[in-house]
Amino acid sequence: MNNMNKSISTLVVEEELPEHGRKTAVLREHLELTSAEASIVAHFLARPELTAVARMRGASYQTVRNQFKSAMQKTETHSQAELALKAERLLVSAAQSARY
């Protein structure tokens, strides 16, 4: 798949999931992740399999794995589950703050 198709594929997925874009923005801002890292973490919360995330993003498994590992380093987490829990707690807190 060429880069143009990957970009279009990613755009389509994110446009179909407006909630994904909001989650990505919160994760990017509060955890200081790149857009790609935040998007991968948000996808992982919905479907906790990196192979599935790679397919959704139109990226290789290795690329997604490397970006997820980078997100783990930046957030000082040591497992996929720990990062997912940290991200989920942050998103719940952000949603509660937005309501008040």
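All values reported here derive from a predicted model rather than from experimental measurement.

Before going further, it helps to spend a moment on the overall build of the protein. Scanning the protein for helices and strands turns up six helices and zero strands. The helix and strand sequence of the protein, counted from the amino end, reads α-α-α-α-α-α. When burial is assessed residue by residue, the protein has 34% of its 100 residues classed as buried. Residue pairs in contact within the protein that sit at least 24 positions apart in sequence constitute 49% of those at least 6 positions apart. A total of about 6200 Å² of accessible surface is found on the protein, and carbon and sulfur atoms cover 52% of it.

Judged by nonpolar contacts, the single largest core of 21 residues is most densely connected at Leu27, Leu33, Val41, Phe44, Val64, Phe68 and Leu83. Taken together, the elements giving at least two residues each to this core come down to helix H2 (18–31), helix H3 (35–46), helix H4 (50–57), helix H5 (61–74) and helix H6 (80–99). When neighbours within four sequence positions are excluded, Leu83 is seen to be in contact with Val41, Phe68, Ala71, Met72, Thr75 and Thr77.

Time to look at the packing of aromatic side chains. Counted under the stated rule, the structure contains one aromatic pair. Relative to Phe68, the ring of Phe44 has its centre 4.7 Å away and its plane inclined at 50°; by these criteria the two rings are tilted. Within this pair, whereas Phe44 is found in helix H3, its partner Phe68 is found in helix H5, the two being separated by 24 residues in sequence.

Reading the values: rules and limits
Residues numbered from 1 in each chain as written. Predicted model: local features only at pLDDT ≥ 70, side-chain atom pairs only at ≥ 80, totals over all residues. Heavy atoms only, no water. Helix = DSSP H or I, 4+ residues; strand = E, 2+ residues; numbered from the N terminus. Buried < 20%, exposed > 50% of the residue type's maximum accessible area, 1.4 Å probe, protein only. Contact = heavy atoms within 4.5 Å. Areas by Shrake-Rupley, 256 points an atom, 1.4 Å probe, with all protein chains shown as cover. Core = buried A, V, L, I, M, F, W, Y, C linked by side-chain atoms within 4.5 Å. Phe/Tyr/Trp six-rings, centres within 6.5 Å; stacked < 30°, edge-to-face > 60°.

Just distances and angles here, no functional claims.
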